[in-house]
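Close look at the chain arrangement
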Amino acid sequence: MNRVLFASLLGDRKMATAICGAALLHLGCTAAGHFGWSCPILSASGVPCPGCGLSRATLALLRGEVRHALTLHAFAPVLLGALTLLFAAAVLGPEARQRLSEIIRKIEMRTRITAWMLLALLAYWTLRLALDGRQFIALVT
Amino acid sequence: MPILAKLVGLASLVPFIIVLIKLFQQKGVLHGILGILCALYTFIWGWINANTLNIKNVMILWTVLIIAGAVLNIMFASSALTTPQLVP
């Protein structure tokens with residue numbers, strides 16, 4: 001399995017800008033109470049995907065409501081950190097962006113942190129569904 | 001109205017899966033898993049690579065379905081708010 005994921009996103013300015021723009025638009029719509037991006041898995045099956053609830057959790061985190069944010073989704077701080085790095089990659093010049101991408105690439109190669117994070121997110125989602133699925137669905141829908 | 005929104009939601013799963021398969025093929029397992037966990041990433045990646053992968057029609061269909069779903073949800077939400085409640 002390829003170990004590098006996040007560094008490749010950071011190294012691609014077009015992708016970093018598009019992700020940041022879409023995330024800001026979606027967070028803005030969610031904050032304003034409008035309908036933002038709807039998850040295709042949730043809208044088709046009624047079962048939230050592992051990322052469902054992250055937007056509201058991130059917004060709660062930005063408002064300083066840490067406990068509420070972590071109740072909604074424990075990965076909100078991770079997403080906020082990732083978005084901050086992507087925003088930096090979008091606004092930095094080519095050299096600085098490459099340097100940032102290279103630093104993250106080394107960390108990913110050494111620790112496989114992105115793969116572990118994705119696995120942890122899957123495990124977290126499975127546990128939430130298995131332990132209290134009904135409450136989890138009610139919380140994020 | 002909710003049935004129609006559900007149908008649109010189900011239909012949007014088709015372009016999502018098509019783009020997801022392309023994502024797995026082009027970028028590998030890790031990007032593919034990210035694409036499952038965050039459909040917004042799949043959507044953005046699909047549009048960025050729409051011309052090179054020849055999936056522009058799929059992306060247009062997905063975008064139309066997303067907009068239709070959002071419009072239906074807004075219409076359903078506003079009709080739910082304006083419908084007078086029956087008081088016994």
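Residues numbered from 1 in each chain as written. Chains lettered and ligands numbered in written order. Predicted model: local features only at pLDDT ≥ 70, side-chain atom pairs only at ≥ 80, totals over all residues. Heavy atoms only, no water.

1. Focus: helix H8 (residues 113-140) of chain A
- With 28 residues, H8(A) extends just 26 Å between its outermost C-alpha atoms, more than 12% less than the 40 Å of an ideal straight helix rising 1.5 Å per residue.
- The largest bend in H8(A) is about 120 degrees, located at Asp132(A).
- Three or more residues of H8(A) are buried, namely Thr114(A), Ala115(A), Leu118(A), Leu121(A), Tyr124(A), Arg128(A), Gly133(A), Phe136(A) and Val140(A).
- Looking at the buried positions of H8(A), the neighbouring elements they touch are helix H1 (6-11), helix H4 (54-62), helix H5 (66-72) and helix H7 (94-111) of chain A together with helix H2 (29-37) of chain B. (Helix = DSSP H or I, 4+ residues; strand = E, 2+ residues; numbered from the N terminus. Expected span 1.5 Å × (residues − 1). Bend = angle between axes of the 7 residues up to and from the residue. Buried < 20%, exposed > 50% of the residue type's maximum accessible area, 1.4 Å probe, protein only. Contact = heavy atoms within 4.5 Å.)

2. With respect to the side chain of Thr42(B)
- Tracing the backbone shows Thr42(B) in helix H3 (residues 39-48).
- Beyond its immediate sequence surroundings of up to four residues, Thr42(B) is in contact with Phe16(B), Val19(B), Leu20(B), Leu23(B), Gly35(B) and Trp62(B).

3. Observations concerning the packing of aromatic side chains
- Under the definition given, this model contains 3 aromatic pairs over all chains.
- Arranged with centres 5.5 Å apart and planes meeting at 50 degrees, the rings of Phe75(A) and Tyr124(A) form a pair that is tilted. Linking Phe75(A) in the loop between H5 and helix H6 (76-91) with Tyr124(A) in helix H8, this pair joins segments that are 49 residues apart in sequence. This pair shows no difference in class: Phe75(A) is buried, exactly as Tyr124(A) is.
- With a centroid separation of 5.1 Å and an interplanar angle of 90 degrees, the aromatic rings of Phe43(B) and Trp62(B) are classed as edge-to-face. You can see Phe43(B) sitting in helix H3 and its partner Trp62(B) sitting in helix H5 (residues 56-82), a full 19 residues away along the chain.
- Residue Phe43(B) is classed as buried on the basis of its relative accessible area, which comes to 14%. (Phe/Tyr/Trp six-rings, centres within 6.5 Å; stacked < 30°, edge-to-face > 60°.)

4. What about the nonpolar core?
- One finds Leu9(A), Leu86(A), Tyr41(B) and Trp62(B) to be the most contacted residues of the largest nonpolar core, which totals 54 residues.
- Of all the elements, helix H2 (residues 13-31) of chain A adds the most residues to this core, at 7 residues.
- Leave out the neighbours within four places in its chain, and Leu86(A) touches Phe6(A), Leu9(A), Leu10(A), Ala16(A), Ile19(A) and Cys20(A).
- Core analysis: the next-biggest nonpolar cluster, separate from the first, contains 6 residues, Cys39(A), Cys52(A), Phe136(A) and Val140(A) among them. (Core = buried A, V, L, I, M, F, W, Y, C linked by side-chain atoms within 4.5 Å.)

5. Digging into a nonpolar patch on the surface
Residue and element names in this part refer to chain A.
- A cluster of nonpolar side chains, namely Val78, Ile103, Ile107, Ile113 and Met117, defines an oily patch on the protein surface of about 380 Å² accessible area.
- When residues of the nonpolar patch are traced back to their parent elements, those giving at least two are H7 and H8.
- Residue classification places Ile103 among the partly exposed positions, given a relative accessible area of 49%. (Patch = residues over 30% accessible without salt bridge, like charges linked within 9 Å, V, L, I, M, F, W, Y side chains within 5 Å. Areas by Shrake-Rupley, 256 points an atom, 1.4 Å probe, with all protein chains shown as cover. Salt bridge = Lys/Arg side-chain N within 4 Å of Asp/Glu carboxyl O.)

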